[in-house]
Amino acid sequence: MSAMKKGFFALIAILSCSRLMAQDDRQLVVHLSQPGKTFTLGVNIARAAINVSGYEGKDVLIQTDWADVTVQEKNNEVTVAAPRGKTFKLNIKVPQTAGIFKLSSTSAGTMKVSDVTGNLELQNKSGGIIAERISGSVIASTLSGRVAVSFRSVDPMAAMAFSTVSGYIDLTFPPDLKANLKIKSDLGKVYSDFDLVGDAAHPKVVRDEKDGVYHLSIDDWIFGRVGGGGPEFLVKNTNGNIHIYKTK
């Protein structure tokens, strides 16, 4: 092979490596139109491992492993999109001001959100959902996977819902929680640190106490008030246990 051809193929190899490195390290910086005000983050990608976390900054930072992720921002609404056919990894950092989060994926593993404030709508059809140290409200649903949500504080006016078809549901609330709980596990058990006050209009809850934790059982939905009652929280599991914890 001639020296010129060898040099040509070496150049192609270098360029290919450069493109891969650019994909691995790609970060998009999104400047909000109104920094410090409530913003919206929308992600609806069929196959995406989505990780969103709060940080002390004013921009939305999006790190992705593919260059064909597109982002639009208008009036503090950030929309993230990508073509079908690839599996994406998204690590998104958002300001710790209040936000509205609408995240959706069908497959690619666990969806995770941490240290954010606002209203969260999380849908992951084939994978778990983990939301940690949330201030606000959460609606989380998946067909296959665990749903684990812990709160720093709860929006006292917001209804919430948590559901999975196959997997545990683990919810952790502050001890001063005020809510009306509607709970059902078809093929599992329900455990709670909170003492639920039953509603006379609904079937009686059977409670077996052990080590300060109540085991709740009933053939139908469990209805109970916590802290005198508040907005309705629906918790539904088809095949798995439900644990409702009190922050220690």
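Right, let's walk through the structure included here. Predicted model only: the values in this text are computed from it and were never measured.

The next point concerns unusual backbone geometry. Although it is not a glycine, Asn-75 adopts a positive phi angle of roughly 55°. Mapping Asn-75 onto the fold places it in the loop between β5 (70-74) and β6 (77-81). In this structure Asn-75 comes out as exposed when scored by relative accessible area, which is 60%. Here the phi dihedral of Asp-115 falls at roughly 55°; this positive angle occurs in a residue that is not glycine. Within the secondary structure, Asp-115 is located in the loop between β9 (111-114) and β10 (117-124). For Asp-115, a relative accessible area of 19% translates into the label buried.

Think of a pair of aromatic rings as described by two things: how far the centres are apart, and how the planes are tilted against each other in angle. All chains considered together, the criterion is met by 4 aromatic pairs. Seen in terms of ring centroids, Phe-39 and Phe-101 are 5.7 Å apart; in terms of plane orientation they differ by 85°. Their pairing is edge-to-face. Taken together, the positions of Phe-39 in strand β2 (residues 39-44) and Phe-101 in strand β8 (residues 99-105) put the pair 62 residues apart, joining distant regions of the chain. According to the relative accessible area criterion, Phe-39 is buried, its value standing at 0%. By relative accessible area, which is 1% here, Phe-101 ends up buried.

What counts, and at which threshold
- Residues numbered from 1 in each chain as written.
- Predicted model: local features only at pLDDT ≥ 70, side-chain atom pairs only at ≥ 80, totals over all residues.
- Heavy atoms only, no water.
- Helix = DSSP H or I, 4+ residues; strand = E, 2+ residues; numbered from the N terminus.
- Buried < 20%, exposed > 50% of the residue type's maximum accessible area, 1.4 Å probe, protein only.
- Phe/Tyr/Trp six-rings, centres within 6.5 Å; stacked < 30°, edge-to-face > 60°.

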